[in-house]
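Structural characterization, general
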Amino acid sequence: MRIAATQKLPGPAWDELPGVEVLETWPPGEPLPGIEALVAVVARVSDEELDLAPDLRLVANYGVGYDMVDVAACRERGISVTNTPGVLDAAVADMTLALILACRRHLVGSDRFVREGRWRRGWARPELLGRDLAGSTLGLVGMGRIGSEVARRAEAFGMRVGHHRRSDGIPLEELLRSSDVVSLHVPLSMETRDLLSRERLALLQDGATLINTARGAIVDEEALVDELVSGRISAGLDVFADEPRVPERLLGLPNVVLTPHIASATAETRAAMTRVLVDNVLAFSRGEPLPNAVDR
């Protein structure tokens, strides 16, 4: 079986895949006849790309979110899609708490304060006053595996935790109004695109913090930028609507922490993701059921 990859993956499991062709560019500059499996790493896979791989039968997506893969188009062509769930929950939850702390305690600004030589008159600087996590309210939009891990960590910090999801929890508008920190943990879909609209962002209380380690397009990004420019709220953003483009107006703001989609970026987690992806590709090559088939 011929396998192509948009990028080489970390971890020892990668060496178990025989003869992987690592592509120089994606989409490729020319057709890929004979390629039956594609390892897709932050790569859009739609009809246009699929036309270049006429023999493709598997798209193995590196990540739990697969919004960049047109699953319906793959299904129409008889192409299976897999992802890598269950092994990155802890790392993403850790990063969520890191962003909460960075925003609520002004960690990035305080670091810059020291580096720029502005620490002149002791440590009692009013502009560096943060907010306690203990006793504050965290509102989770989504309460799946990652959201549940975030809740456990937040409770250890003494935060009150509420959540909203389709099946239960607090109505979304009420959650937004009542939370000191709102963290997003839903997949990107037609239902969740722009879920936090301009009108819903306006419900956030003054001084609230929005954390997004899910997908940028879950939020109306232009509306969020306007709110952040106003200084009314703060945000910790690991994801953006049109990555790697980041809205220029965010770059100079002191009330936003920006990271480059690294919530799952630990050596241990990325190696575990590779292990799951490789297991799916090997199962496919043997004609066995796929451990992590995406069915919608």
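Scroll up for the structure.
Description of the structure in this document. Just so you know, these numbers come straight off a predicted model, no measurement behind them.

Attention now goes to the sheet that holds strand E9 (residues 209–212). Strand pairs in the sheet, formed through backbone hydrogen bonds, run parallel or antiparallel to each other. Pairing within the open sheet is parallel, and its six strands lie in the order E7-E6-E8-E9-E10-E11. Each edge of the sheet is formed by a strand with only one pairing partner; in this case those strands are strand E7 (160–164) and strand E11 (256–258). Neighbour-to-neighbour, the strand axes of the sheet open up by a mean angle of 15 degrees, direction not taken into account. When strand E8 (residues 181–184) meets E9, the two strands line up parallel, connected through four bridges.

Moving on: the sheet that holds strand E4 (residues 58–61). With parallel pairing, the five strands of this open sheet are ordered in space as E2-E1-E3-E4-E5. Edge positions in the open sheet fall to strand E2 (21–22) and strand E5 (80–82), since each of these has one partner strand only. Bridge count for strand E1 (residues 3–5) against E2 is two bridges, and the pairing is parallel. Bridged to alanine 5 within E2 is valine 22. Strands in contact with helix H9 (residues 267–285) are E1, strand E3 (37–40), E4 and E5; relative to E4, the strand with the most contacts, it is inclined by about 165 degrees.

Here we come to helix H8 (residues 221–230). Among all positions of H8, only Glu221, Ala223, Leu224, Val225, Glu227 and Leu228 are buried. For H8, the elements touching its buried residues are helix H7 (198–201), E9, strand E10 (234–237) and E11. One side-chain oxygen of the residue at the start of H8 lies 3.3 Å from the amide nitrogen of glutamate 222, identifying that residue as aspartate 220. Immediately beyond the C-terminal end of H8, within one or two residues, lies glycine 231, with a positive phi of roughly 80 degrees.

Time to look at the nonpolar core. Membership of the largest hydrophobic core comes to 40 residues, with the highest contact counts inside it found for Val39 and Leu138. Those elements that place two or more of their residues in this core are E1, E3, E4, helix H3 (89–104), strand E6 (137–141), helix H5 (145–156) and H9. The element contributing the most residues to this core is H3, with eight residues. Ignoring any residue separated from it by four or fewer positions in sequence, one finds valine 39 in contact with Ile3, Ala4, Ala5, Thr6, Leu9, Trp14, Ala60 and Leu277. Core analysis: the next-biggest nonpolar cluster, separate from the first, contains 29 residues, Leu195, Leu196, Leu201 and Leu253 among them.

Cut-offs used in this document
Residues numbered from 1 in each chain as written. Predicted model: local features only at pLDDT ≥ 70, side-chain atom pairs only at ≥ 80, totals over all residues. Heavy atoms only, no water. Pairing = 2+ DSSP bridges. Helix = DSSP H or I, 4+ residues; strand = E, 2+ residues; numbered from the N terminus. Axes fitted to C-alpha atoms, helices over the stretch in contact; angles between N-to-C directions. Contact = heavy atoms within 4.5 Å. Buried < 20%, exposed > 50% of the residue type's maximum accessible area, 1.4 Å probe, protein only. Polar contact = N/O pair within 3.5 Å; in protein donor to acceptor, adjacent residues only side chain to side chain. Core = buried A, V, L, I, M, F, W, Y, C linked by side-chain atoms within 4.5 Å.

This is a description of form; function is not addressed.
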